[in-house]
Amino acid sequence: GRTSDVHETNLFFKMQSVSVQSISVFTKAFPTTPWMFVYRDSVEVMMSHYKNKLKGGAVCTRAKSHPPPLLQQVVDEQSANTNSVSKLSIEEFCAVHLASLSKSALDEYQQQQQEEETTRYGTFVNYNQLPQIMWESILPTHFGFQDKLTKQHAENIQKVSGFYSKGRDHKANKEWKEDSTKKQESAPEVVQQAANTYMKPYFDQMEELNPYK
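The paragraphs below set out a description of the structure included in this document. Values in this document were obtained by computation on a predicted structure and should not be read as measured data.

## Here we look at the packing of aromatic side chains
By the definition in use, this model includes seven aromatic pairs. Where Phe26 meets Phe30, the ring centres are 5.2 Å apart and the plane angle is 45 degrees; that geometry is what we call tilted. One aromatic cluster is present, formed by Trp35, Phe37, Tyr109 and Phe124 through successive ring pairs. The lysine or arginine in question, Arg40, covers the ring of Tyr127, its NZ or CZ lying 4.0 Å from the ring centre.

## What about the state of the cysteines?
Taken as a whole, this structure holds one disulfide when the rule is applied. Note on cysteine connectivity: Cys60 is disulfide-linked to Cys94, with sulfurs 2.2 Å apart. Because the sign of the S-S torsion sets the handedness, a value of about -100 degrees for the bond joining Cys60 and Cys94 places this disulfide among the left-handed ones. Residue Cys60 is located in the loop between α2 (42-48) and α3 (69-78), and its partner Cys94 is located in helix α4 (residues 90-115); the two are separated by 34 residues in the primary sequence.

## Here we look at the pattern of salt bridges
Inspection of every chain in the model, using the stated rule, returns six salt bridges. In this structure, the salt-bridge partner of Arg40 is Glu44, at a minimum N-O distance of 2.9 Å. There is no split in this pair, since Arg40 and Glu44 are both buried. Of the charged contacts in the structure, one is a salt bridge between Asp179 and Lys183, with a shortest N-O distance of 3.0 Å.

## Here's the deal with the nonpolar core
Core analysis: the biggest nonpolar cluster contains 38 residues, and Phe37, Met46, Leu98, Phe124, Tyr198 and Met199 have the highest contact counts within it. When residues of this core are traced back to their parent elements, those giving at least two are β1 (35-39), α2, α3, α4 and α8 (189-209). Those residues in contact with Met199 that lie beyond four places of it in its chain are Ser42, Val45, Met46, Ala95, Leu98, Ala99 and Ala194. By size, the runner-up hydrophobic cluster in this structure holds six residues, among which are Ile133, Met134, Ile138 and Tyr212.

## Re the packing of α4 against α8
Close contact between α4 and α8 brings their axes to 8 Å; oriented N to C, the two are set at 10 degrees. Taken as axis vectors, α4 and α8 run roughly parallel relative to one another. Contact residues: α4 offers Glu91, Glu92, Ala95, Val96, Leu98, Ala99, Ser102, Lys103, Leu106, Tyr109 and Gln110, while α8 offers Val190, Val191, Ala194, Ala195, Tyr198, Met199, Tyr202, Gln205, Met206 and Leu209. Considered class by class, the residues forming the contact of α4 with α8 number 15 nonpolar, three polar and three charged.

Basis of the calculations
- Residues numbered from 1 in each chain as written.
- Predicted model: local features only at pLDDT ≥ 70, side-chain atom pairs only at ≥ 80, totals over all residues.
- Heavy atoms only, no water.
- Phe/Tyr/Trp six-rings, centres within 6.5 Å; stacked < 30°, edge-to-face > 60°.
- Lys NZ or Arg CZ within 6 Å of the ring centre and 35° of its normal.
- Disulfide = S-S within 2.5 Å.
- Helix = DSSP H or I, 4+ residues; strand = E, 2+ residues; numbered from the N terminus.
- Salt bridge = Lys/Arg side-chain N within 4 Å of Asp/Glu carboxyl O.
- Buried < 20%, exposed > 50% of the residue type's maximum accessible area, 1.4 Å probe, protein only.
- Core = buried A, V, L, I, M, F, W, Y, C linked by side-chain atoms within 4.5 Å.
- Contact = heavy atoms within 4.5 Å.
- Axes fitted to C-alpha atoms, helices over the stretch in contact; angles between N-to-C directions.
- Parallel < 35°, antiparallel > 145°, perpendicular 65-115°, else oblique.
- Nonpolar A, V, L, I, M, F, W, Y, C, P; charged D, E, K, R; others polar.

Structure below.
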(Lines give C-alpha, C1' and ligand atoms only; values in the text may rest on other atoms or scores of the structure.)
Protein backbone atom coordinates (compact mmCIF):
# COMPACT_ATOMS: atom_id res chain seq x y z
CA GLY A 1 0.00 0.00 0.00
CA ARG A 2 1.97 2.99 -1.27
CA THR A 3 1.24 5.68 -3.84
CA SER A 4 3.61 7.47 -6.21
CA ASP A 5 3.99 10.38 -3.77
CA VAL A 6 7.75 10.82 -3.31
CA HIS A 7 7.21 12.33 0.14
CA GLU A 8 5.76 9.11 1.56
CA THR A 9 8.07 7.27 3.93
CA ASN A 10 5.87 4.36 5.04
CA LEU A 11 4.66 1.20 3.36
CA PHE A 12 2.22 -1.51 4.42
CA PHE A 13 1.53 -5.01 3.13
CA LYS A 14 -1.89 -6.68 3.20
CA MET A 15 -1.28 -10.38 2.73
CA GLN A 16 -3.58 -13.02 1.29
CA SER A 17 -4.64 -15.38 4.04
CA VAL A 18 -2.60 -18.36 2.83
CA SER A 19 0.55 -16.23 3.08
CA VAL A 20 0.30 -16.51 6.86
CA GLN A 21 1.67 -20.03 6.61
CA SER A 22 4.97 -18.36 5.63
CA ILE A 23 4.81 -15.55 8.18
CA SER A 24 8.20 -16.50 9.58
CA VAL A 25 9.78 -15.54 6.25
CA PHE A 26 8.25 -12.06 6.54
CA THR A 27 9.39 -11.55 10.13
CA LYS A 28 12.91 -12.70 9.30
CA ALA A 29 13.06 -10.19 6.45
CA PHE A 30 11.54 -7.40 8.58
CA PRO A 31 12.30 -8.42 12.19
CA THR A 32 11.32 -5.11 13.80
CA THR A 33 8.26 -4.38 11.67
CA PRO A 34 4.92 -4.49 13.57
CA TRP A 35 2.27 -6.84 12.19
CA MET A 36 -1.34 -7.64 13.00
CA PHE A 37 -3.47 -10.70 12.40
CA VAL A 38 -7.23 -10.26 11.99
CA TYR A 39 -9.26 -13.23 13.18
CA ARG A 40 -12.99 -13.89 13.07
CA ASP A 41 -15.58 -16.19 14.60
CA SER A 42 -14.82 -19.70 13.37
CA VAL A 43 -18.27 -20.49 11.99
CA GLU A 44 -18.44 -17.19 10.12
CA VAL A 45 -15.07 -17.84 8.48
CA MET A 46 -16.21 -21.30 7.43
CA MET A 47 -19.42 -19.93 5.95
CA SER A 48 -17.41 -17.52 3.81
CA HIS A 49 -16.09 -20.64 2.04
CA TYR A 50 -19.37 -22.54 2.10
CA LYS A 51 -21.20 -20.48 -0.51
CA ASN A 52 -21.05 -23.36 -3.01
CA LYS A 53 -21.03 -26.07 -0.33
CA LEU A 54 -17.24 -26.18 -0.64
CA LYS A 55 -17.44 -27.44 -4.21
CA GLY A 56 -15.93 -25.92 -7.30
CA GLY A 57 -12.40 -25.33 -6.03
CA ALA A 58 -12.95 -23.47 -2.77
CA VAL A 59 -9.64 -22.04 -1.59
CA CYS A 60 -9.77 -23.94 1.69
CA THR A 61 -9.96 -27.31 -0.09
CA ARG A 62 -7.45 -26.87 -2.91
CA ALA A 63 -4.71 -28.80 -1.11
CA LYS A 64 -6.89 -31.81 -0.25
CA SER A 65 -5.04 -34.10 -2.66
CA HIS A 66 -1.62 -32.94 -1.39
CA PRO A 67 -2.03 -31.56 2.15
CA PRO A 68 1.05 -29.90 3.68
CA PRO A 69 2.41 -31.29 6.98
CA LEU A 70 1.10 -28.27 8.88
CA LEU A 71 -2.47 -29.49 8.41
CA GLN A 72 -1.69 -32.82 10.04
CA GLN A 73 -0.23 -30.91 12.98
CA VAL A 74 -3.57 -29.13 13.42
CA VAL A 75 -5.44 -32.44 13.35
CA ASP A 76 -3.05 -33.94 15.89
CA GLU A 77 -3.43 -30.95 18.21
CA GLN A 78 -7.19 -30.55 18.07
CA SER A 79 -8.73 -33.93 17.37
CA ALA A 80 -9.22 -36.55 20.07
CA ASN A 81 -9.02 -39.20 17.36
CA THR A 82 -5.82 -40.07 15.53
CA ASN A 83 -7.22 -39.08 12.16
CA SER A 84 -5.17 -38.74 9.02
CA VAL A 85 -5.76 -35.41 7.32
CA SER A 86 -6.27 -37.28 4.05
CA LYS A 87 -9.35 -39.01 5.50
CA LEU A 88 -11.16 -35.89 6.66
CA SER A 89 -14.49 -34.86 5.21
CA ILE A 90 -14.53 -31.85 2.91
CA GLU A 91 -15.90 -29.66 5.72
CA GLU A 92 -13.30 -30.90 8.19
CA PHE A 93 -10.49 -30.35 5.71
CA CYS A 94 -11.63 -26.77 5.08
CA ALA A 95 -11.72 -26.12 8.83
CA VAL A 96 -8.24 -27.62 9.28
CA HIS A 97 -6.82 -25.46 6.48
CA LEU A 98 -8.33 -22.33 7.99
CA ALA A 99 -7.16 -23.35 11.46
CA SER A 100 -3.61 -23.72 10.12
CA LEU A 101 -3.58 -20.01 9.30
CA SER A 102 -4.39 -19.08 12.88
CA LYS A 103 -1.89 -21.62 14.19
CA SER A 104 0.85 -20.11 11.99
CA ALA A 105 0.19 -16.62 13.37
CA LEU A 106 0.05 -17.88 16.94
CA ASP A 107 3.25 -19.90 16.57
CA GLU A 108 5.11 -16.90 15.17
CA TYR A 109 3.78 -14.62 17.90
CA GLN A 110 4.92 -17.01 20.60
CA GLN A 111 8.31 -17.43 18.95
CA GLN A 112 8.81 -13.67 18.86
CA GLN A 113 7.76 -13.40 22.48
CA GLN A 114 10.51 -15.82 23.44
CA GLU A 115 13.12 -13.94 21.43
CA GLU A 116 12.01 -10.39 22.28
CA GLU A 117 10.69 -10.42 25.83
CA THR A 118 10.22 -6.65 26.04
CA THR A 119 8.97 -5.91 22.53
CA ARG A 120 5.72 -7.06 20.93
CA TYR A 121 5.77 -6.85 17.14
CA GLY A 122 2.69 -8.97 16.49
CA THR A 123 -0.86 -8.39 17.70
CA PHE A 124 -4.31 -9.91 17.24
CA VAL A 125 -7.50 -8.05 16.34
CA ASN A 126 -11.01 -9.45 16.23
CA TYR A 127 -12.83 -8.79 12.96
CA ASN A 128 -15.76 -7.33 14.91
CA GLN A 129 -13.48 -4.58 16.26
CA LEU A 130 -12.90 -3.14 12.80
CA PRO A 131 -12.72 -0.47 11.54
CA GLN A 132 -12.69 1.88 14.54
CA ILE A 133 -9.92 -0.04 16.30
CA MET A 134 -7.58 1.04 13.50
CA TRP A 135 -7.61 4.75 14.31
CA GLU A 136 -8.33 4.35 18.01
CA SER A 137 -5.52 1.93 18.89
CA ILE A 138 -3.75 0.03 16.12
CA LEU A 139 -2.28 2.91 14.13
CA PRO A 140 -1.45 5.23 17.03
CA THR A 141 -0.05 2.63 19.44
CA HIS A 142 0.90 -0.60 17.68
CA PHE A 143 2.26 1.03 14.52
CA GLY A 144 3.50 4.14 16.28
CA PHE A 145 1.64 6.89 14.40
CA GLN A 146 0.27 8.67 17.47
CA ASP A 147 1.91 11.95 16.42
CA LYS A 148 0.97 11.66 12.74
CA LEU A 149 -2.61 10.39 12.75
CA THR A 150 -5.12 13.16 12.08
CA LYS A 151 -8.88 13.35 12.15
CA GLN A 152 -8.82 13.39 8.35
CA HIS A 153 -6.90 10.11 8.32
CA ALA A 154 -9.51 8.50 10.57
CA GLU A 155 -12.33 9.77 8.36
CA ASN A 156 -10.60 8.41 5.25
CA ILE A 157 -10.21 4.97 6.86
CA GLN A 158 -13.86 4.97 7.87
CA LYS A 159 -14.92 5.94 4.35
CA VAL A 160 -12.82 3.27 2.63
CA SER A 161 -13.96 0.58 5.07
CA GLY A 162 -17.53 1.05 3.87
CA PHE A 163 -16.73 -0.80 0.65
CA TYR A 164 -16.14 -4.48 -0.05
CA SER A 165 -12.36 -4.87 0.17
CA LYS A 166 -12.20 -7.91 -2.15
CA GLY A 167 -14.35 -6.32 -4.80
CA ARG A 168 -13.48 -7.19 -8.40
CA ASP A 169 -15.37 -6.58 -11.63
CA HIS A 170 -19.09 -6.29 -10.75
CA LYS A 171 -18.25 -6.20 -7.03
CA ALA A 172 -15.81 -3.32 -7.37
CA ASN A 173 -16.76 -0.37 -5.12
CA LYS A 174 -19.70 -2.36 -3.79
CA GLU A 175 -20.97 -1.17 -0.42
CA TRP A 176 -19.96 -3.48 2.42
CA LYS A 177 -22.76 -4.97 4.52
CA GLU A 178 -22.52 -6.77 7.86
CA ASP A 179 -23.13 -10.50 7.37
CA SER A 180 -22.17 -12.16 10.65
CA THR A 181 -25.73 -12.86 11.80
CA LYS A 182 -26.71 -14.35 8.43
CA LYS A 183 -23.68 -16.65 8.43
CA GLN A 184 -24.33 -17.86 11.97
CA GLU A 185 -27.99 -18.61 11.29
CA SER A 186 -27.39 -20.40 7.98
CA ALA A 187 -24.45 -22.57 9.08
CA PRO A 188 -25.19 -26.32 8.74
CA GLU A 189 -24.41 -28.49 11.75
CA VAL A 190 -21.54 -30.19 9.91
CA VAL A 191 -19.87 -26.80 9.42
CA GLN A 192 -20.42 -25.82 13.04
CA GLN A 193 -18.89 -29.08 14.26
CA ALA A 194 -15.83 -28.78 12.03
CA ALA A 195 -15.27 -25.13 12.97
CA ASN A 196 -15.66 -25.79 16.69
CA THR A 197 -13.36 -28.81 16.64
CA TYR A 198 -10.44 -27.45 14.64
CA MET A 199 -10.72 -23.65 14.53
CA LYS A 200 -12.27 -22.46 17.77
CA PRO A 201 -9.36 -23.48 20.06
CA TYR A 202 -7.07 -21.13 18.13
CA PHE A 203 -9.75 -18.44 18.10
CA ASP A 204 -9.95 -18.66 21.88
CA GLN A 205 -6.17 -18.30 22.18
CA MET A 206 -6.20 -15.17 20.05
CA GLU A 207 -9.05 -13.72 22.09
CA GLU A 208 -6.89 -14.18 25.18
CA LEU A 209 -3.95 -12.43 23.51
CA ASN A 210 -6.02 -9.58 22.04
CA PRO A 211 -4.95 -6.47 24.01
CA TYR A 212 -7.74 -4.24 22.66
CA LYS A 213 -10.82 -5.92 24.13
